[in-house]
Structure formats: C-alpha cells, structure tokens
Amino acid sequence: MRTEIRSGMGLTVTPTKKFKTTRIAIALIEPLDSKSLTKRMLLANVLEAASEHFPTQKAVAEKLSKMYGAGFGITVERRGNVHILNCVFDCVNERYLDAEEGLLDEAFAFLKQCIFEPLVSNEEFDQATFERQKKNLGFYMQTVRDDKQLYAALSLQKIYFADEAQRTPSFGTYEQLKKITPKALYSYYTECIRNDQIEIVVSGNVDEKKCEELARALPFTERQEFNGSLFYNQRQNFEINEEVEHQTVVQGKLDLAYSLPVYYRTADYYAALVFNGIFGGLPLSKLFMNVREKASLAYYANSSYDSFRGFVSVQTGIQAKNRNAVQTIISKQLEDIKNGQITQREFQDTKKALQSSFLSRLDSPTNNLDQKLVNVLTREEISVQGWQTALEAVCFEDVVEVAQKTELQSIYFLDGEVN
Amino acid sequence: MEIVQYPQFDEKLYKEKLDNGLEVNVLPKSGYHKTYGILTTDYGSLDNKFVPLHKEKMETVPDGVAHFLEHKLFEKEDHDAFDLFGHYGADANAFTSFTNTSYLFSTASFPQKSLEILLDFVQRPYFNAKSVEKEKGIIGQEIKMYEDDIDWRFYFGMLKNLYPDHPLSVDIAGTIDSIAKITVQNLYDCYWTFYHPQNMNLFVTGAVDPEETLDLIKENQSKKSFSPANEIKRASLDNDESGQDIIPYRMLELDTQRPKAAVGVKGLDQVPDGREGLVYKLRIDMLLWLLFSDTSTNYVRLYNEGVIDDSFDFMFQLERGFHYVSVSSDTNDPQRFCHEIIAVLEKAEQLLKGQYTQFNLAKKELIGRQIHSMNSLETIANQYSGHLFNGATIFDKVAIIQDMTLEEILTTCKDFIRSEAVSVYQILPKEGN
C-alpha cells in the first residue's frame, strides 16, 4: 500500500524474501510535454554520470562496486500522458554476503547524493560532464537509424500520433538537444526537483518502517500530484495515412498502426488483452501462424497493445516484394476476429498464456517494481486472484466487440533495395 | 539422486544421471510462480563434420544444419510442439549456438505437462521433405534479418579475422545457399548422432518439487528405448595454435551512421578441463574487468577523451574448442581506439601488478553480480555448464571468485595475451553518409 510521505510524495514498500536483492526506485513524474522530452533524457544521463560526492564516472562505479556490484541507472519512460524519470538502484541483500548491515541506509544515502547533490557550479551543470553526455546522446540518436526494427517502429509512431509529445521518440530529438545548455538544463532540473510528483517504490527483504524513515529523510518538499488523465486519446480517422521509405536494406519492414480506444483496466481492458493475444501478441497468434508458419513470408510478425495510448501496432520483417501479400494476410486476420472467426482452442489457449505470463512477471524484481508504480499511478491495485478472475470472465463476444473497435490508421513501409 | 547444498544462498540442487545417460538437474525456487526447463545437446553449428551414427566415414553436412534441425524438431506428423506448449499455457523456444542446441519452456500453468512435452518432442524426431522445403523460406528471412543487423555483422567480422577457414566464421544459421542444400537425411543423420541422452542434459528450476519432478522424468524416460550410447566422432577443428592464420586487420564500409572498432585476442593457450576451465574463464573475466571496466583508469581516460562512449563493451567467449576476447566501441576515431586498446593489452601485466585495492573491489563487484543473477530462473538454468565445466552451476562461481588471487590473474594474463593473437576489425560509414 502507498503511504503518503508528504503532499505529492508517496512510498510503496513490498517486503519479500523471494529475491536475493533489494530494489529501490525513485520516480519523478510530470505531465508529458514535447518540449521537455529531450531535456529529461539528457538530465537522466547527466545525473547518472556524476554528482558532487562522486564527481567522475569512475567514482560512481567504484562506489557501486563497494556495495557489492550494486546497479544504478536513471531511465526515462513515457506512459500515456505522463513522463517518468526513474532512478533505480538495486543491491544484494546483506544476508548473502560477508558484509556488515547497513546497505539499505547506504543505498538511500547514495540516491540522495545523486539526485540532490549533482555536480554543479554557478548554477550550471559541470561543463565537461554535460558536454560528454550531450555528445553521447547525440551519437545514440544518430545510431537509431542502424536498428531497422526500432527505426521502423519510431517512424510508424511519427505518422500515427497527432500529438507532438506522443510522436516524438521518448529519448527526444537532435534539434532540441543542440539547443540545451548546462545552465538551461540545471534550471530545468531545479523545476523537476521542486514540482514533479515523487513516487518511491521498494521491494526486497526489507523493514517497512525503516524504509519509511529513510524516505522521509529525503529533502523533497510538498508538491502537487499529477491529476490529469493518464490516458492519451486520439480520434479515429477515416483515412489511412501511409509512408514508404527506401533504404539499402536486405529485409523490408512493414509496420501498421491501429487505434483501439480501450484503456488500462477500464471495462474492456481484459478483453483487449485477449484480442491482442489472438491477433499478434502471443507466439501462437493469428499473425504468427499465418504470416510466418503458413505463408513463410516473415521471420517475425507480431502485434503489441499500448493500453495507455489506445494503440495497437503490428511489426513485420519481410521481403519487400511480398509487401502486398503480407498486408492482405494481416488485414484478413483482423477481419476474421471481427467476424468471430476464432476457435475455442485459440480463445482458451490465449487466456492460458496470458495467465501464465502474468504470474511469471511476478517472479522478476524489475517487473514487480514497474507494476507497483503503475498501480500507484492508476490508484488501483488488483490482487493476483482478482486479475485472474477478471481475465477468466472475458467471453468470446467481448473479444469480437473489442476487435470491432480496432481501426487501421497508418502504414509505414521500409522498402528494401538489396537482395 | 545427489543433493548439492549451497547454504550461503539458501539453495539446493538435486542432480542425477539417468540410466540412459541423460544428466538431470532440478533446482526448486520457493515463492516462484514460474517453472523453466531447458534441454540441451552438446551439438552446435561447429559440428558439421562427423561420423554419422552406424556409419564409418566422416561426412560433411551443409552449414546451418544444427539450427535448421532446431527449427524442424518442433514440427510433428500431426501436430506442432509449439502449439501443444501453448495449449498448456507455456511459452516455448529454442536456440542454437556454436556448440550447443537448447530447447526450453517457461510456464506458470502446467509445469509437469510442459516437461513431458519438452522431453517427448525433442526425443521423437519427425522430418519430411515438404516441411523442410517450407522452412527454408522462414530461415531465409531470419538470415536476411541478421544481414541488416550491423552489430551481428560486426560480431562475425571479428570471428572471421580470428578464425578464418573455420566453421566459427560462418553464421550459425548458415547461408541462403547452404540451407538450400539441406535434406531430410542430413537432419536424421545429425539427430541420431548428437541427440542421444548421453550427449544431453536437462535443467529444471522454479516452482517444482524435486522428487516429483525426477520421478516424472524417469517415468517418461523409461517408456522410451535408445540405442546403446556410441562415442561421437567429430572432425577435429583446424585451430591453428601458432596464430599464423589470424587476419590482423580488416575493415568493411557499410551504410551505417558511426564507425565501430574492435580489438580481438584469440586464445592460443590451452584451457584446462572440467571445473578448472571455469576457474580459467572467471580469471579472464576478472582480468578484463580490471583492465576495461568503468572503474579502470583506462576506461575513464578514453571515455573522457571521447575515444569511447557508452557503447564500449568487452567480452570473453569460451566454448568447446575455442576462446577469445573482444573489446569494442562505436568511436569517431577507430584508429586511435585500436591503438589504445592494444597498448593496454600489451602492458596489462605491468598495469595490474600490485593493484590489490582494485582487485579486491573487483571481487566484490563480480560476486555481487553473480548473486544478482540468482534471481533469474533463466540465468540459473542457462548458465549450467554441462560437459564444458563438468556440471558447474552459477552457485559454484562465487567461491571460485572468492578464492582468486591477483598473482593467478597475472599468470593467466601472461598465457592468454600474446601479440601474435591480436586482430583489429572495423566497420566504417560509406563515404557520403
């Protein structure tokens, strides 16, 4: 359960003996804004690289080694209409080490130093650290083009979403990056520290009281909680927009975007999970069976469902010359579901697979913590049993109904020229 | 049944070698929902020349057969094993490496049923010409996908430098031309030669009861008959130990965004057998950590001078019959990168002599990392070493790291790093990019 430490600052502790590690995440949450995506990505990298106490990467790395190979990283994530800058730390529980007690205190102290005491002089980030991270982020943005699967997914996102903040890659853009100065970033940082909603999530073999004490000692002031809608909603279009791009690649990529206005844990959510599983979300889905197994047209063909953005996307890697054939098969699969052409076996097996993967995710400390954060954001915690019952209750007609809400909106095709 | 206790980690490993030769390991994990099982044969893409079972002469099969067989084993006369796993809520997968082929499932629904499906589909082959032809299309796409994958090409570029004219320089999946030649007979020849239980091991971990699981496996095995175990005769791989065949430098121009450079070191020394092999491996891991991790002065200097960035990576790969190191990065100055890395390698001993503080810190780091990975069923089972290190598990590693001395690292370093074993590979963006 979430404990409010201060206004706009919460703590959720899950004591468990299952894992050999303790994991702490401090999430800074703000409304998604296209103007701050790049800044937040760069900020994550700058804060991770150095702080006043650990002014070089080497100092940070040595500190983590001293804590028995502790892991520390700051990640960014877009979830529906919010942006999460997540400072994640994990370390081995002392009972498995010849170590003295106190790793939890040390962990909180370390996080505090990284977040509150960055390497700064004259109200700007340390020039050398800043420039290095800025340059490296620029390089990363450049190399995305070399990862064709990712490149195709980002291109699809760009043509599908109307809202700038949704179309932009979550790591930002080069145009914005160029303009950021150490001073501007520092000033942005102080805003985040002052205004972002703070959610701390801890799991491991830990004492709840102790965690609360340590969280309370973090100098976050009172602030407002995010109170807008988490879900991004986009009106369905009647026309399909399409983009074809030519590159010298061996394998073409055909990616499709659909609107599915069904949101996380709302009425049809569980039916939407089953729908996506049958369509292309699971190994035995219609896409896999028909595009790959029956027609041998692809090595991968799958779909994914973003329940915070009401969005389903299909990704395939194919021979460019087979593009039309593949697209026809994909459309046919969706039509079939809309017409109720689902076998009992498909329906039941999909439910079983979803149940199994839901339970399996509980065995991963990372997934556990992510789920806790989502629960906090949606202010809704569901028990394992509750989740299973809700999924079980989905009937055949519910799935057909959800399928009928799914409309093709955008097509991105990366054409190959080389054979 | 033997029980190996690891009190430091609250873990117990149950192991038994069955009458038919199958090596079984079961590691229960309390509190877990999931069960993960992996069945591995000591056979991979390198094993393309051997004496097929019941024959007398060496035969060469087309490149990519091991991987092709892995794909085809799922398909049966009247069903697909993949489907059957799905029917019981299990995820299934398989992978082929240079020296192993593994089949696995993961489920939180019907672990016992899944385990039976795993054993049955791997132990009852069925191949036919029509489905073999069809698979060529799918694997063809897989090969093409990797051709667009610059990291994959980069990886193989170094292997081709270190092991020219050796099966290691050929993609695990083979080539479009080589897989076109694969026949049903090839698949059966490889299957009967390498899939005998004697050549395989099974590792099950997660929400399982060890006794019940072992009983179920024995019961399943007792219903099947296998030919008596034969000694497998593989062609010895031509591995020039003088290092003379190594290509010292190659580069490739591609439609890519940034230059990539790698320095490789081929292992020309002899890796000890059994558990000592694992000790050797962990020493080299430690050596690389000391030389190149972000706690090293070398890393920090190169990072700060902009020669390397966050893509910098180092790895040591050791499998049956080969071992090598590769240190790589995206870099704007590939020449300087290679020059700097080679310089570090050449004076490694000198750099590390007397560095006890760094060494003890690295020990802490590497021990912590091992314990971290004990949370993951996949890591526990996939790291089982089988024949390679005589059945060592992830739980054996911490004690080995604990006992290491800096002097041992330096000795191993001297044996391993030889100037004639070094090679450089680069991928550069095409002009006009």
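Everything numeric here is computed off the predicted structure, so don't read it as measured data. (Residues numbered from 1 in each chain as written. Chains lettered and ligands numbered in written order. Predicted model: local features only at pLDDT ≥ 70, side-chain atom pairs only at ≥ 80, totals over all residues. Heavy atoms only, no water.)

Peer 1: Is there a simple way to explain the overall build of chain A in this structure?
Peer 2: When its secondary structure is counted, chain A shows 16 helices and 13 strands. When the backbone C-alpha atoms are referred to their principal axes, chain A occupies close to 60 × 50 × 40 Å. Of all 419 residues assigned to chain A, the portion counted as buried reaches 61%. Within chain A, counting contacts between residues at least 6 apart in sequence, those at least 24 apart form 82% of the total. In the form shown here, chain A has an accessible surface area of approximately 17,100 Å², with 48% of it arising from carbon and sulfur atoms. Distance between charge centres in chain A, computed from 49 positive and 56 negative side chains, equals 2 Å. (Helix = DSSP H or I, 4+ residues; strand = E, 2+ residues; numbered from the N terminus. Buried < 20%, exposed > 50% of the residue type's maximum accessible area, 1.4 Å probe, protein only. Contact = heavy atoms within 4.5 Å. Areas by Shrake-Rupley, 256 points an atom, 1.4 Å probe, with all protein chains shown as cover. Lys, Arg positive; Asp, Glu negative; His and termini not counted. Charge placed at Lys NZ, Arg CZ, Asp CG, Glu CD.)

Peer 1: Can you walk me through the interface of chain B and chain A in this structure?
Peer 2: How big an interface is tends to be stated in terms of the accessible area lost upon association of its parts. Taken residue by residue, the interface counts 62 residues in chain B and 61 residues in chain A. Across the interface of chain B and chain A, roughly 5,500 Å² is buried in total on both sides, 53% from carbon and sulfur atoms. When residues of chain B are sorted by the area they lose upon contact with chain A, B:Gln141, B:Asp148 and B:Gln257 head the list and together hold 12% of the total. The interface formed by chain B and chain A holds two salt bridges in total. Ionic pairing is found between B:Glu11 and A:Lys20, a salt bridge with its closest N-O pair at 2.5 Å. Our enumeration of links across chain B and chain A arrives at 27 residue pairs in polar contact (both at pLDDT 80 or more). When contributions to the side of chain B that touches chain A are tallied by element, the ones reaching two or more residues are α2 (81-87), α4 (129-147), α10 (297-304) and α13 (356-373) of chain B. A breakdown of the residues in the side of chain B that touches chain A according to their chemical character gives 18 nonpolar, 24 polar and 20 charged. (Buried area = accessible area lost by both parts, 1.4 Å probe. Salt bridge = Lys/Arg side-chain N within 4 Å of Asp/Glu carboxyl O. Polar contact = N/O pair within 3.5 Å; in protein donor to acceptor, adjacent residues only side chain to side chain. Nonpolar A, V, L, I, M, F, W, Y, C, P; charged D, E, K, R; others polar.)

Peer 1: It is not clear to me how the UniProt feature "domain: Peptidase M16 N-terminal" (unreviewed entry) in chain B should be interpreted in this structure. Could you clarify?
Peer 2: What UniProt calls "domain: Peptidase M16 N-terminal" (unreviewed entry) maps, in this numbering, to residues 63-150 of chain B. In residues 63-150 of chain B, helix accounts for 56% and strand for 15%; the two terminal C-alpha atoms are 22 Å from one another. (UniProt positions renumbered as here; feature names shortened; annotations may be inferred.)

Peer 1: Would you explain the packing of helix α13 (residues 344-361) of chain A against helix α15 (residues 384-392) of chain A in this entry?
Peer 2: Pairs of packed helices are described in terms of their axes, by the angle between the two and the distance that separates them. Residue and element names in this part refer to chain A. Across the interface, α13 lies against α15 with an axial gap of 10 Å and an inter-helix angle of 165 degrees. As far as their axial angle goes, α15 and α13 are roughly antiparallel. Both α13 and α15 take part in a crossing whose hand is right-handed. When α13 is examined against α15, the residues Lys351, Leu354, Gln355, Phe358 and Leu359 are found in contact with a partner set consisting of Val384, Trp387, Gln388, Leu391 and Glu392. (Axes fitted to C-alpha atoms, helices over the stretch in contact; angles between N-to-C directions. Parallel < 35°, antiparallel > 145°, perpendicular 65-115°, else oblique. Left-handed = near helix turned anticlockwise from the far one by under 90°.)

Peer 1: So what exactly am I meant to see when it comes to the environment of A:Glu124 here?
Peer 2: Structurally, A:Glu124 can be placed in strand β7 (residues 124-125). Apart from the residues within four sequence positions on either side, A:Glu124 is in contact with A:Leu119, A:Pro182, A:Lys183 and A:Tyr186.

Peer 1: Can you help me understand the packing of aromatic side chains in this one?
Peer 2: The description of an aromatic ring pair rests on the distance of the ring centres and on the angle between the ring planes. Inspection of the entire model under this criterion finds 60 aromatic pairs over all chains. Ring plane angle 85 degrees and centroid distance 5.7 Å describe the contact between B:Tyr88 and B:Phe110, whose orientation is recorded as edge-to-face. With a gap of 22 residues between them, B:Tyr88 in the loop between α2 and β7 (91-96) and B:Phe110 in the loop between β8 (101-107) and α3 (111-123) connect regions that are remote in the sequence. Classification of B:Tyr88 as partly exposed rests on a relative accessible area of 23%. The class of B:Phe110 is partly exposed, set by a relative accessible area of 40%. The ring of A:Phe308 carries A:Arg79 above its face, with NZ or CZ at 4.9 Å from the centroid. Taking NZ or CZ as reference, A:Arg323 lies 5.1 Å from the ring centre of A:Phe413, over its face. (Phe/Tyr/Trp six-rings, centres within 6.5 Å; stacked < 30°, edge-to-face > 60°. Lys NZ or Arg CZ within 6 Å of the ring centre and 35° of its normal.)

Peer 1: Teacher, can you tell me more about the packing of helix α10 (residues 269-281) of chain A against α13(A) here?
Peer 2: All names here are of chain A. The contact between α10 and α13 brings their axes to 9 Å, and the two run at 110 degrees. Viewed along their axes, α10 and α13 adopt a mutual orientation that is roughly perpendicular. The element α10 and its partner α13 pack so that their crossing is right-handed. Of α13, the residues touching α10 (which contributes Leu273, Val274, Gly277 and Ile278) are Glu346, Phe347, Thr350, Lys351 and Leu354. In the contact of α10 with α13, the residues fall into five nonpolar, two polar and two charged.

Peer 1: Could you clarify how one ought to interpret the pairing of strand β11 (residues 298-306) of chain A in this entry?
Peer 2: For a regular strand, side chains alternate in direction, first toward one face of the sheet and then toward the other. Residue and element names in this part refer to chain A. As judged from the eight bridges shared by β11 and strand β12 (residues 311-318), these two strands associate in the antiparallel manner. The residue bridging Asp306 from the neighbouring strand is Phe311, located in β12. Taking the residues between adjacent antiparallel strands as the criterion, β11 and β12 are bridged by four residues, where Gly310 takes a positive phi near 55 degrees. (Pairing = 2+ DSSP bridges.)

Peer 1: Looking at this model, I keep getting lost on the domain arrangement of chain A. Mind explaining?
Peer 2: All names here are of chain A. The domains assigned to chain A are domain 1 (2-216) and domain 2 (241-416). Computed from C-alpha coordinates alone, the two centres of domain 1 and domain 2 are separated by 30 Å. Domain 1 puts 34 residues into the contact, and the matching count from domain 2 is 34 residues. Both sides together, the interface formed by domain 1 and domain 2 hides about 2,900 Å², and carbon and sulfur atoms give 69% of it. Among the residues of domain 1 in contact with domain 2, Leu156, Ile159 and Tyr160 are the three that bury the most area, contributing 23% of the side total. Applying the counting criterion to the domain 1 and domain 2 interface returns one salt bridge. With a shortest N-O distance of 2.7 Å, Lys18 and Asp363 are connected by a salt bridge. The tally of links between domain 1 and domain 2 comes to seven residue pairs in polar contact (both at pLDDT 80 or more). Going through the elements one at a time, β2 (9-15), β3 (21-31), β4 (71-79), β5 (82-92), α5 (148-160) and β8 (197-204) are the ones with two or more residues in the side of domain 1 that touches domain 2. Of all the elements, α5 adds the most residues to the side of domain 1 that touches domain 2, at ten residues. (Domains from an automatic or database assignment.)

Peer 1: Explanation requested: the domain arrangement of chain B in the structure shown.
Peer 2: All names here are of chain B. Considered domain by domain, chain B is made up of domain 1 (2-222) and domain 2 (249-429). One C-alpha centre belongs to domain 1, the other to domain 2; they are set 28 Å apart. Each side of the interface is counted separately: domain 1 has 42 residues, and domain 2 has 44 residues. Where domain 1 abuts domain 2, roughly 3,500 Å² becomes buried across the two surfaces, and 64% of that area is made up of carbon and sulfur atoms. Counting the surface domain 1 buries against domain 2, the share from its top three residues, Phe154, Met158 and Leu162, is 19%. Between the two partners, domain 1 and domain 2, sit four salt bridges. Across the domain 1-domain 2 interface, the total number found is 19 residue pairs in polar contact (both at pLDDT 80 or more). Looking at the side of domain 1 that touches domain 2, the elements with two or more residues in it are β2 (11-17), β3 (23-28), β4 (35-41), α5 (150-162) and β9 (200-206).

Peer 1: Just to check I follow, could you spell out the nonpolar core for this structure?
Peer 2: Counting residues in each nonpolar core, the largest one holds 151 residues, and the members touching the most others are A:Ile26, A:Phe89, A:Ile200 and B:Phe337. The biggest single contributor to this core is helix α9 (residues 275-292) of chain B, with twelve residues. (Core = buried A, V, L, I, M, F, W, Y, C linked by side-chain atoms within 4.5 Å.)

Peer 1: Any chance you could explain the sheet that holds β5(A) here in plain terms?
Peer 2: Working definition: the strands of a sheet are paired by backbone hydrogen bonds and lie parallel or antiparallel to each other. Residues and elements named next belong to chain A. Within the open sheet, the six strands sit side by side as β1-β2-β8-β3-β5-β4. Their pairing is mixed. Of all the strands in the sheet, the pair left with one neighbour each is β1 (2-6) and β4. Taken pair by pair, the neighbouring strands of this sheet meet at an average axis angle of 20 degrees, ignoring direction. Looking at chain direction, β3 and β5 are connected through eleven bridges and run antiparallel. Residue pairing across strands places Glu30 opposite His83, the latter belonging to β5. Helix α1 (residues 37-49) contacts β3, β4 and β5 of the sheet and is inclined by roughly 170 degrees relative to β4. Each of β1, β2, β3, β4, β5 and β8 touches helix α14 (residues 365-378); the most contacted strand, β3, lies at about 35 degrees to it.

Peer 1: Please clarify how unusual backbone geometry should be interpreted in this entry.
Peer 2: Glycine aside, the phi torsion of most residues is negative, and most peptide linkages are trans. Positive phi values are uncommon outside glycine, yet A:Glu123 reaches one of about 60 degrees. Within the fold, A:Glu123 resides in the loop between β6 (120-121) and β7.

Peer 1: It is not clear to me how helix α11 (residues 334-346) of chain B should be interpreted in this structure. Could you clarify?
Peer 2: One turn of the α-helix equals 3.6 residues, which is why residues spaced by three or four share an orientation. Residues and elements named next belong to chain B. Taking 1.5 Å of rise per residue, 13 residues should cover 18 Å, and α11 covers 18 Å from first to last C-alpha, within 8% of that figure. Every buried residue belonging to α11 is among Pro334, Phe337, Cys338, Glu340, Ile341, Val344 and Leu345, and all of these are buried. All buried residues of α11 lie within an arc of 165 degrees about the axis, which places them on one face of the element. In this structure, α11 carries His339 and Glu346 as exposed residues pointing more than 90 degrees from its buried face. (Expected span 1.5 Å × (residues − 1). Arc of directions from axis to C-beta.)

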